[in-house]
Amino acid sequence: MKFFLKFLRLSLIGLFSAFTLGVVATAGTYLYLAPDLPSIESLKDVHLQTPLRVHSRDGGLIAEFGEKKRAPLRYDDVPALMIKAILAAEDNRFYEHPGVDYQGILRAVAHLIKTGEKGQGGSTITMQVARNFFLSREKTYLRKISEIFLALTIERHLSKQEILELYVNKIYLGHRSYGVAAAAQVYYGKDINELSVWQMAMIAGLPKAPSRYNPIVNIRRATLRRDYILGRMQELGFIDKPTFEQAVATADNASLHGQDIELSAPYVAEMVRAEMIERYGEEVYTSGYNVYTTLDTRLQRYAYQAVQRNLLEYDRRHGYRGAEGHVEFGPALLAALPAIAIEAPALNRPKGETAVAVELPELSAELQEPLRATLNKHRVVAGLAPALVMHLEDQAVSAMTGNGDIVRIEWDGLKWARAFKDENGRGPQPKYAADILRRGDLIRVNQDESGAWQLAQLPEVEGALISLGPEDGAVQALIGGYDYYQSKFNRAIQARRQPGSNIKPFIYAAALENGFTAASLINDAPVVFEDAGLENTWRPENYSGKFHGPTRLRVALTKSRNLVSIRLLRAMGINKAISYLEQLGLDSTRLPRDLSLALGSASLTPLEVATSYAVLANGGYRVEPYFIDRIEDSEGNVIYRHEPLRVCRDCEQQPETEVAPDPIAVEASADVTATTGPDLPGPTGEERTPRYAPRVMSEQVNYIMRTILRDVIQLGTGRRALRIGRRDLAGKTGTTNDQKDAWFSGFNNALVTTAWIGFDRHTPLGRRETGASAALPMWIYFMENATKGMPEEDFEMPPGLVTVRLDPETGLLAAEGQSNAIFETFRTESVPKKTVEAGGTADAGTEVKQPAIPEQLF
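Residues numbered from 1 in each chain as written. Predicted model: local features only at pLDDT ≥ 70, side-chain atom pairs only at ≥ 80, totals over all residues. Heavy atoms only, no water.

A short note on the overall build of the protein
Each helix and strand counted, the protein has 23 helices and 28 strands in total. In the protein, the share of contacts with a sequence separation of at least 24, taken over all contacts with a separation of at least 6, comes to 69%. Carbon and sulfur atoms make up 51% of the accessible area of the protein, which amounts to about 39,500 Å² in all. (Helix = DSSP H or I, 4+ residues; strand = E, 2+ residues; numbered from the N terminus. Contact = heavy atoms within 4.5 Å. Areas by Shrake-Rupley, 256 points an atom, 1.4 Å probe, with all protein chains shown as cover.)

Take a look at the structure:
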């Protein structure tokens, strides 16, 4: 008995000593590790690294920038079944333990004693949160102890729901996806609420080993893991047996999905990214900013279609440059394909008889694989898919696309492909498919509007389209080239090209501001200039090569007469013209100080041209283009809202003040003088001052110019636009020397749009490729769709103008009863005083008041 009591006493002392030593060791370890553990404040203010997202004005996703794909969720937004799948996979005792599962730890200790190796046992969801947010993933004893201490701390200060919310948003799930919402998009292309139970189980199985159990990398292993989790969910009562059986019987359909892009606007997305980096630095990739641009989703889509259609149409007009490459087929593949036997072409067959299509046999996977591998090295570019020519008939081709499908191109999709010679010449019309292609050619194909396949090629020509809201300069649509991923050069804002006749409206507006009228006569006749600003003797011509004698300015601009424009500029004075163009917002350092300015030899971007035309469209006010409407932080708080220069027709009597350009306005060329109004509350509560656009063109001159540019569409070089069926459109074509650039800029009261087409290497587009034939169709397609449902608004005549009847030949007042008289609008002080006599000569009235034009110009 004494021995037993002694043993009991010694045992108790030993246990107490061990307990004391354990407590001391634990306390000492905690004191040692405590300085390196994160503070409670950092636990409560966790920052999830979320990418920068760019949206259209109406919220459509344009782009996402950042290495980590994440879509943070609130706990209440996570489907209950997703939570249950995670608990079944990772920690079914989550709601029972205090952050550390001692049963799991004992299992891990037993594994260590038994095998001598460290394992993963005992890691709870709370411990994973501690590790993923604050600790490394290395398997050391100190890291594990730190994890335990931190897990206990987390459980004391955060609720179970808050811990789960951190977990479902932070956990890495493979392929750059962080959190269950991002994984749902990456693997299934779905919102998390649209996932089935077996898809949720698949995602819940990823945290243990995102590479090992990844359904993209190893579907067999991933399915085994998924089925294990489904079994655990049934055991725990989360799902019933029929649901379990159906789920495990379902083959998983995971595949990689890209960003859920709702609007194609990569050039604008890059503009936003660059601006955000400039503004906030590299943190923009992880801080969860949401940038809402000024883009209108509907208009941007029409702009994309307009540019692509127009460039493809131009490309077809100039012929086929040949296949992108060629693959020699091996004997086994050739043996599997039907022999090529060219029959008589369809045009020689009896009427109504057509060739019987040859159906290709299904190729084995062994034969298909190398072909598909070759095709998959070439990406689909703007809808043009790579394909290999497998078989040729007399007037049809069968080709394999990258997914192994065989598509058939009938003659209607082939016959356009006359061989390209140069920009002005093509080869003869082909009669056979073999005149165009041969077996093994790597080509491009697409479908027309009826769904029929056709031969295509990647355009070498480039184009741009930009559309602004004239009242405030908001960029409604912007396309910087045929395909951003082929060329990231943004021609809409970076390409400085000669505008050609697109600049003429501003030369004429300057003339009207300096005393000329729309009825002023200037001689359209041959002329030779010895200009010190030009290297050689200059003999300008009209595009047609014809001359028309004395011409009223309205007619000269409507018909785009070059010689009248040159004489007008010389009569007015180059310095006056440049000063006026600078006032409109153009950079005077890029304006030539010689008479070639009248024909558009300046260097301007499509954005600058469109911004200048906005002055014509809005009644004479200079606005600044801008593309960012507002910026929100990761919590949805508006941290920036753009305050643009706005047209305010009732604000012109207010005192003018200098207003600094907004930093997120698209590059401005010069200082802006703007009127200001009462302070308005800003997005964060501060007072903001509205910025009013300054008037830079008198309303009288603006009205006259708008009517002349309307005539361009009704009567002049822009007549193709009559197909739109609206009378409130106005605009101007532009073509440069040797047809290197083709333009059309035009507007109504609601939209101003510039379309440009040309080669990056500044080579000619070809004969007859003028603004009217090469650029105007792009503008028409866009504006026809953009203005659908938009009410027509006529140009309202301002005070200070009067419309009178004129003699069209002399520009003088018409005689009473004159049958060929026309109407013209003048400023009240500029109305002609002379009246033409019945015989066509002027009476003895007062001379017309207009600037004297040097005699040698006539």
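The rest of the description comes next.
Things to note about the sheet that holds strand β16 (residues 628-632)
Pairing within the open sheet is mixed, and its five strands lie in the order β2-β1-β3-β16-β17. Pairing within the sheet leaves two strands with one partner each, and these edge strands are β2 (61-65) and β17 (638-641). Across this sheet, the average inter-strand angle for adjacent strands is 15°, counted without regard to direction. Judged from the four bridges that link them, strand β3 (residues 290-293) and β16 form a sheet pairing that is antiparallel. Looking across to β16, one finds that Thr-293 is bridged to Ile-628. (Pairing = 2+ DSSP bridges. Axes fitted to C-alpha atoms, helices over the stretch in contact; angles between N-to-C directions.)

Description of the sheet that holds strand β26 (residues 752-758)
With antiparallel pairing, five strands are arranged side by side in an open sheet as β13-β12-β26-β25-β24. Only two strands of the sheet have a single neighbouring strand rather than two, namely β13 (475-479) and β24 (730-735). The mean inter-strand angle of the sheet, taken between neighbouring strand axes irrespective of direction, is 5°.

Some points on empty space enclosed by the protein
Applying the stated rule across the entire model yields three cavities of 30 Å³ or more. Volume-wise, the second largest cavity comes out at about 70 Å³. Contributing to the lining of the second largest cavity are Leu-512, Phe-516, Thr-517, Ala-518, Val-701, Ile-704, Thr-825, Phe-826, Arg-827 and Ser-830. With three residues, the single largest contributor to the lining of the second largest cavity is strand β28 (residues 822-827). Along the lines of polarity and charge, the residues of the lining of the second largest cavity split into six nonpolar, three polar and one charged. (1 Å grid on protein atoms, 1.4 Å probe; cavity = no way out; pocket = protein on both sides within 12 Å on 5 of 7 lines; lining within 4 Å. Points joined across faces, edges and corners; volume = space filled by probe spheres on them. Nonpolar A, V, L, I, M, F, W, Y, C, P; charged D, E, K, R; others polar.)

Here we look at the pattern of salt bridges
Summed over the entire model, instances satisfying the criterion amount to 39 salt bridges. A salt bridge links Arg-226 to Asp-227, with the nearest nitrogen and oxygen atoms 3.0 Å apart. Judged by relative accessible area, which is 23%, Asp-227 ranks as partly exposed. Of the charged contacts in the structure, one is a salt bridge between Glu-462 and Arg-491, with a shortest N-O distance of 3.6 Å. Of this pair, Glu-462 sits in strand β12 (residues 462-468) while Arg-491 sits in helix α16 (residues 491-494), and the two are 29 residues apart along the sequence. With relative accessibility at 0%, the residue Arg-491 sits in the buried group. Among the charged side chains, a network of salt bridges with common partners joins Arg-57, Asp-629, Arg-630 and Glu-632. (Salt bridge = Lys/Arg side-chain N within 4 Å of Asp/Glu carboxyl O. Buried < 20%, exposed > 50% of the residue type's maximum accessible area, 1.4 Å probe, protein only.)

Some thoughts on the nonpolar core
Ranked by size, the top nonpolar core spans 95 residues in total, and within it Tyr-508, Leu-569, Leu-581, Leu-597, Met-705 and Phe-747 carry the most contacts. In contact with Leu-597, not counting residues within four places along its chain, are Ile-503, Ile-507, Leu-569, Ala-577, Ile-578, Leu-581, Leu-591 and Pro-592. Counting 47 residues, the second-largest nonpolar core is a separate cluster that includes Leu-164, Val-186, Met-233 and Ile-239. (Core = buried A, V, L, I, M, F, W, Y, C linked by side-chain atoms within 4.5 Å.)

Things to note about the pairing of strand β25 (residues 741-747)
Of all the seven residues making up β25, seven are buried; the element is thus mostly covered by neighbouring parts of the structure. Burial along β25 is two-sided: Asp-741, Trp-743, Ser-745 and Phe-747 facing one way and Ala-742, Phe-744 and Gly-746 facing the other are all buried. The pairing of β24 with β25 spans six bridges and is antiparallel. Counterpart to Gly-734 in the pairing with β25 is Trp-743. Joining the antiparallel neighbours β24 and β25 is a turn of five residues, in which Asp-738 adopts a positive phi near 60°. Judged from the seven bridges that link them, β25 and β26 form a sheet pairing that is antiparallel. Across the sheet, the residue bridging to Asp-741 is Gly-758, located in β26. In this structure, the hairpin formed by β25 and β26 is closed by a connection of four residues.

Comments concerning the packing of helix α3 (residues 80-90) against helix α7 (residues 160-170)
Where α3 contacts α7, the axes come no closer than 12 Å and their chain directions differ by 85°. For the element pair α3 / α7, the angle class is roughly perpendicular. Touching Ile-83, Ile-86, Leu-87 and Glu-90 of α3 are Leu-164, Tyr-167 and Val-168, all from α7. A class-by-class count of the residues in the contact of α3 with α7 yields six nonpolar, no polar and one charged. (Parallel < 35°, antiparallel > 145°, perpendicular 65-115°, else oblique.)

Here's the deal with the packing of helix α13 (residues 297-317) against helix α23 (residues 771-786)
Two elements in contact, α13 and α23, have axes whose closest approach is 9 Å; the angle formed by their N-to-C orientations is 150°. Judged by the angle between their axes, α13 and α23 are roughly antiparallel. Along this stretch, α13 crosses α23, giving a crossing that reads as right-handed. Together, Arg-298, Leu-299, Tyr-302, Ala-303, Gln-305, Ala-306, Val-307, Arg-309, Asn-310 and Arg-317 of α13 and Ser-773, Ala-774, Pro-777, Met-778, Tyr-781, Phe-782, Asn-785 and Ala-786 of α23 make up the contact between the two elements. For the contact of α13 with α23, the residue count by class is eleven nonpolar, four polar and three charged. (Left-handed = near helix turned anticlockwise from the far one by under 90°.)

Concerning helix α19 (residues 562-572)
With ten of eleven residues buried, α19 is to be regarded as a mostly interior element. Every buried residue of α19 is accounted for by Asn-562, Leu-563, Val-564, Ser-565, Ile-566, Arg-567, Leu-568, Leu-569, Ala-571 and Met-572. Of the surrounding elements, those touching the buried residues of α19 are α17 (504-513), β14 (521-524), β15 (549-552), α18 (553-558) and α20 (574-583). Gly-573 sits one or two positions beyond α19 and adopts a positive phi of about 110°.

Describing a nonpolar patch on the surface
A cluster of nonpolar side chains, namely Ile-216, Val-217 and Leu-256, defines an oily patch on the protein surface of about 260 Å² accessible area. By relative accessible area, which is 59% here, Val-217 ends up exposed. (Patch = residues over 30% accessible without salt bridge, like charges linked within 9 Å, V, L, I, M, F, W, Y side chains within 5 Å.)

What to know about the confidence of the model for the protein
Across the protein, pLDDT averages 84, with 80% of residues at or above 70. Of the regions scoring below 50 in pLDDT, residues 653-660 engages in 19 contacts with residues more than four places distant in sequence or in other chains. Note on residues 841-858: pLDDT is under 50 here. Beyond four places in sequence and across chains, it has 39 contacts. (pLDDT = per-residue confidence, 0-100.)

A look at the environment of Val-638
Looking at the element boundaries, Val-638 is found in strand β17. Expressed as a C-alpha distance, the spacing of Val-638 and Asn-290, which sit 348 residues apart in the sequence, is 9.3 Å.

Quick look at the pairing of strand β10 (residues 441-447)
Of all seven residues making up β10, six are buried, and the element is well covered by its neighbours. For strand β4 (residues 325-326) and β10, the ladder comprises two bridges, and the chain directions are antiparallel. Residue His-326 lies in a different strand from β10, and its bridge partner there is Asp-441. By the bridge criterion, four bridges tie β10 to strand β11 (residues 453-456) in an arrangement that is antiparallel. When the sheet's bridge partners are listed, Val-445 is paired in β11 with Leu-455. Here β10 hands over to β11 after five residues, with Gly-451 in that stretch at a positive phi of 95°.

Concerning the environment of Arg-491
Taking the C-alpha atoms as reference points, Arg-491 and Gly-481, ten residues apart in sequence, are found 6.3 Å from one another. Beyond its immediate stretch of four places on either side in the chain, Arg-491 contacts Tyr-267, Glu-462, Gly-463, Ala-464, Gly-480, Gly-481, Pro-606, Trp-756 and Asp-760.

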